[in-house]
Amino acid sequence: GYPAQADRLWDALEELGYGTEGAPVSLLGHSMGGKTALAMAFARPEAVAQLVVADMAPRRYPPRHNEIFTAMERVANAAVESRSAADEILAELIPQKPIRLFLLKSLVPGSDEKYQWQLNLTGLRRSYDDILDWPYTTERFDGSVLLIVGGKSPYATPDEQRVFATYAPNLRIETIEEAGHWLHAEARDRFLSILRRELR
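Notes on the structure in this doc start here. (Residues numbered from 1 in each chain as written. Predicted model: local features only at pLDDT ≥ 70, side-chain atom pairs only at ≥ 80, totals over all residues. Heavy atoms only, no water.)

With that settled, consider the pattern of salt bridges. Within the structure shown, the criterion is met by 16 salt bridges. A salt bridge links D87 to R100, with the nearest nitrogen and oxygen atoms 2.6 Å apart. With D87 in helix 4 (residues 83-91) and R100 in helix 5 (residues 97-104), the pair connects residues that are 13 residues apart, well separated along the chain. The same class applies to D87 and to R100, which are both buried. (Salt bridge = Lys/Arg side-chain N within 4 Å of Asp/Glu carboxyl O. Helix = DSSP H or I, 4+ residues; strand = E, 2+ residues; numbered from the N terminus. Buried < 20%, exposed > 50% of the residue type's maximum accessible area, 1.4 Å probe, protein only.)

Turning our attention to the nonpolar core. Core analysis: the biggest nonpolar cluster contains 28 residues, and L51 and F164 have the highest contact counts within it. Every element with two or more residues in this core is listed here: helix 1 (2-15), strand 1 (25-30), helix 2 (32-43), strand 2 (48-54), strand 5 (145-150) and helix 8 (158-167). Broken down by element, the residue count for this core peaks at six residues, all from helix 2. Leave out the neighbours within four places in its chain, and L51 touches L27, A37, L38, A41, F141, S144, V145 and L146. In terms of nonpolar packing, the next biggest core, distinct from the first, is built from 23 residues, F69, V75, L103 and W117 among them. (Core = buried A, V, L, I, M, F, W, Y, C linked by side-chain atoms within 4.5 Å. Contact = heavy atoms within 4.5 Å.)

Attention now moves to the packing of helix 1 against helix 2. The interhelical angle for the contact between helix 1 and helix 2, taken along N-to-C directions, is 75°, at an axis separation of 8 Å. In terms of orientation, helix 1 lies roughly perpendicular with respect to helix 2. Touching Y2, Q5, A6, L9, W10 and L13 of helix 1 are M32, K35, T36, A39, M40 and A43, all from helix 2. Residue composition of the contact of helix 1 with helix 2, by class: nine nonpolar, two polar and one charged. (Axes fitted to C-alpha atoms, helices over the stretch in contact; angles between N-to-C directions. Parallel < 35°, antiparallel > 145°, perpendicular 65-115°, else oblique. Nonpolar A, V, L, I, M, F, W, Y, C, P; charged D, E, K, R; others polar.)

A volume near 790 Å³ is recorded for the largest pocket. Surrounding the largest pocket, 32 residues form its lining, H30, S31, M32, F102 and W182 being those nearest its centre. If you list the elements that add at least two residues to the lining of the largest pocket, you get strand 1, helix 2, helix 3 (66-78), helix 5, helix 7 (128-132) and helix 10 (188-198). Considered class by class, the residues forming the lining of the largest pocket number 20 nonpolar, nine polar and three charged. (1 Å grid on protein atoms, 1.4 Å probe; cavity = no way out; pocket = protein on both sides within 12 Å on 5 of 7 lines; lining within 4 Å. Points joined across faces, edges and corners; volume = space filled by probe spheres on them.)

As structure tokens, this is what we get:
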């Protein structure tokens, strides 16, 4: 769940010397990462200099990733020997090449030269209901928050943006019209230009 993720990430940052007095951090998160970043800001507002959330609203979402999970599990079960072989398997269920390329960044060669997912696919599948959920109701973060929205995405609609503003009264919104939910993969240059301007 998000409170536990937030606590673990604060612990990790403190071990590195960040998020302590005089060393506030800038947080950036996409989708689940955006929810986690907002949960971190709720837990330690004094330690957050600025917050950037990419295409996420603070709400419970319906399941939308079952085909992605299934495609990734097919890759895991196929014991592929190259990323191109994995891409062919993913393409059966995921036609969007930018999304496949983004997922393939987490595919690494194992000790037996077969490729495997570096992320915890089993854990993500098992915790999916908690990932979809949003356990907060009254929390607020009064610091600077930028929400970057994909214009073609269903994840942060205008109604949901208004709900977001109840959690973050200093919310600003920037829309990348040509992008969907995977905006950092679909409109990488535009996304990065916004970040360079925002995260000084």
